[in-house]
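# Observations on the model geometry
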Amino acid sequence: MSGGASTAGIAPLWDALGVLQFGSGGWGDELARGLSMTLLLAGSALPFGLLGGLLLGFAIHSRHAPFSEPAAAFTGVFRGIPELLTLLLVYFGGQRLLNSVSGLFGPGDRMEFNSFLAGAATLALVFAAYASEVFLGILRTMDRSSLDAARALGIGRWPSLRFILLPELFRLGLPGLSNLWLSILKQSALVSAISGGELMRAGYLAAASTGHPIFFYGIVCLVYIAITTASEALIARLHRRLNRGRAHA
């Protein structure tokens, strides 16, 4: 009797493992594509979010109100509303804007603002809003002796920015920026709300189609843990590289 119960308990798990295989009979392909889409979404948002956060940080730090006030308002808006609401506004607003622009070229020319573009734009906007606070905090508190020395040596503003200020900003900001990177990796799951093809959406479709929600959501959970752990290892290595020669300073 106990053997039959054990066999009955193993059977559902074996069935679930069977539908995880690659090929036409399993969901392995879909989950792999979902993972690649998640990484592509976050990776596409990262450079734009970094650049946007840097520009916003400089703008807020500026003494000129035409720059600082709009930048502060921008970051306040996108840090103050839920990311899902931002996604929906970007998705539907972006489509409306594209429809208006394409209408200028004729009624037959229609462009689509798909879920990937909406997701990447949303993650970039959110990243930029929070990254600006990281850069702003460093700009307000960092030691400017290196910049003063460069100015005394006659080094121009652009070389000083490129070779002294920016490397120092990213070195000091790495802990905060790394947290934001891990955050947008997880926030990419929100794109499933607009039928994006990322990892969470693939896990949902697999769970709904096979009747094994705990199994597939568990697989998705493990994959997210794996990519965040790998990211943390890469960030730690980058941190050591950026801080070489400074440990005993």
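Residues numbered from 1 in each chain as written. Predicted model: local features only at pLDDT ≥ 70, side-chain atom pairs only at ≥ 80, totals over all residues. Heavy atoms only, no water.

### Here's the deal with the confidence of the model for the chain
Put simply, the test is: On a scale of 0 to 100, pLDDT captures the predictor's confidence in every residue. Whether two residues touch is decided by their heavy atoms; if any such pair falls within 4.5 Å, the residues are in contact.
Per-residue confidence for the chain averages 85 on the pLDDT scale, and 87% of its residues sit at or above 70. Counted against residues more than four places away or in other chains, residues 1–11, with its pLDDT under 50, gives zero contacts.

### Quick word on the packing of helix α2 (residues 28–61) against helix α9 (residues 213–242)
As a reminder of what qualifies: Geometry is summarised by axes, namely lines fitted to C-alpha atoms with helices restricted to the contacting stretch, and by angles between N-to-C directions that run from 0 to 180 degrees. For the purposes of this entry, the term helix denotes a DSSP run of H or I that reaches at least four residues, the term strand denotes a run of E that reaches at least two, and both are numbered from the N terminus. Orientation categories follow fixed angle ranges, with anything under 35 degrees roughly parallel, anything over 145 roughly antiparallel, 65 to 115 roughly perpendicular, and all other angles oblique. By the definition used in this description, the sense in which the near helix is turned from the far one sets the handedness, with an anticlockwise turn below a right angle giving left-handed and a clockwise turn giving right-handed.
One can describe the packing of α2 onto α9 by two numbers: an axis separation of 12 Å at closest approach and a directional angle of 40°. As far as their axial angle goes, α9 and α2 are oblique. You can see that α2 and α9 cross each other, and the crossing is right-handed. Contacts from Leu31, Leu35, Thr38 and Leu39 of α2 reach α9 at Phe216, Ile219, Val223, Tyr224 and Ile227.

### Comments concerning the environment of Ser195
Assignment of secondary structure puts Ser195 in the loop between α7 (157–187) and α8 (199–210). Between the alpha carbons of Ser195 and Asn114 there is a distance of 9.6 Å; along the sequence they are 81 residues apart.

### A look at unusual backbone geometry
The following threshold applies: Whether a residue is buried, partly exposed or exposed follows from its accessible area with a 1.4 Å probe, protein chains only, as a fraction of its type maximum: under 20%, in between, or over 50%, in that order.
Look at Ser195: it is not a glycine, yet its phi comes out positive at around 65°. Of the residues examined, Ser195 reaches a relative accessible area of 48% and is grouped as partly exposed.

### Structural notes on the packing of aromatic side chains
Keep this limit in mind: Each pair of aromatic rings taken from Phe, Tyr and Trp, with Trp reduced to its six-membered ring, is defined by centres within 6.5 Å and is described as stacked if the planes are under 30 degrees apart, edge-to-face if over 60, and tilted in the remaining cases.
Enumeration according to the criterion identifies four aromatic pairs in this entry. Aromatic side chains Phe74 and Phe78 sit 4.7 Å apart centroid to centroid with 50° between the ring planes, which places their arrangement in the tilted category. One end of the pair is Phe74 and the other is Phe78, both in helix α3 (residues 65–80) and four residues apart, which spans about a single turn. The exposure class of Phe74 is partly exposed, given its relative accessible area of 27%. Using a relative accessible area of 15% as the deciding quantity, one classes Phe78 as buried.

### A word on the nonpolar core
Keep this limit in mind: Throughout this description, the term nonpolar core refers to a set of buried Ala, Val, Leu, Ile, Met, Phe, Trp, Tyr and Cys residues connected via side-chain atoms within 4.5 Å.
Of all hydrophobic cores here, the largest spans 46 residues; its most connected members are Leu169, Leu177, Trp181, Ile184 and Phe216. Looking at this core, the elements with two or more residues in it are α2, α4 (83–103), α5 (115–141), α7, α8 and α9. If we ignore the near neighbours within four places in the chain, the residues touching Leu169 are Leu54, Phe58, Phe135, Ile138, Leu139 and Met142. Residues Leu56, Ala59, Ile60 and Leu136 belong to the second largest nonpolar core, which totals six residues.

### Comments concerning the pattern of salt bridges
Just so we agree on the cut-off: Just to be clear on terms, a salt bridge is a Lys or Arg side-chain nitrogen sitting within 4 Å of an Asp or Glu carboxyl oxygen.
Counted according to the given criterion, the structure contains three salt bridges. When the shortest N-O distance is used, the salt bridge between Arg33 and Glu30 registers 3.5 Å. Of this pair, Arg33 and Glu30 are both found in helix α2, three residues apart, which corresponds to roughly one turn of the helix. Taking the relative accessible area as the measure of exposure, Arg33 reaches 48% and is therefore partly exposed.

### Overview of a nonpolar patch on the surface
Our working rule: By definition, no residue in a patch forms a salt bridge, and every one has over 30% relative accessible area; like charges are joined within 9 Å, nonpolar side chains (Val, Leu, Ile, Met, Phe, Trp, Tyr) within 5 Å. For the accessible areas, the method is Shrake-Rupley and the probe is 1.4 Å, while residue cover comes only from the protein chains on display.
Residues Leu84, Leu88 and Phe92 make up a contiguous nonpolar surface patch of about 270 Å² in total accessible area. In this structure, Leu84 sits in helix α4.

### A closer look at the packing of α8 against α9
Two numbers describe how α8 lies on α9: the axes approach to 8 Å, and their chain directions differ by 160°. One element, α8, and the other, α9, form an angle in the roughly antiparallel class. Crossing of α8 over α9 shows right-handed handedness. For the pair α8 and α9, contact is made by Leu199, Met200, Gly203, Tyr204, Ala206, Ala207 and Thr210 and by Pro213, Phe216, Tyr217, Val220, Val223 and Tyr224, respectively.

### Examining a positive patch on the surface
For clarity, the threshold we go by: Counting rule applied: Lys, Arg positive; Asp, Glu negative; His and chain ends not counted. Think of each charge as sitting on NZ of Lys, CZ of Arg, CG of Asp or CD of Glu.
A cluster of basic residues, Arg237, Arg240, Arg241 and Arg244, forms a positive patch at the surface. On the secondary structure map, Arg237 appears in helix α9. With relative accessibility at 60%, the residue Arg237 sits in the exposed group.

### What to know about the environment of Leu20
Its location among the elements puts Leu20 in the loop between α1 (2–18) and α2. Spatially, the C-alpha atom of Leu20 lies 9.6 Å from that of Ile219, the residues being 199 residues apart in sequence.

### Structural notes on the side chain of Ser115
Among the secondary structure elements, Ser115 is positioned in helix α5. Among the residues examined, Ser115 registers a relative accessible area of 16% and is labelled buried. Beyond its immediate chain neighbours, meaning those up to four positions away, Ser115 contacts Tyr91, Val191, Ile194, Ser195 and Gly196.

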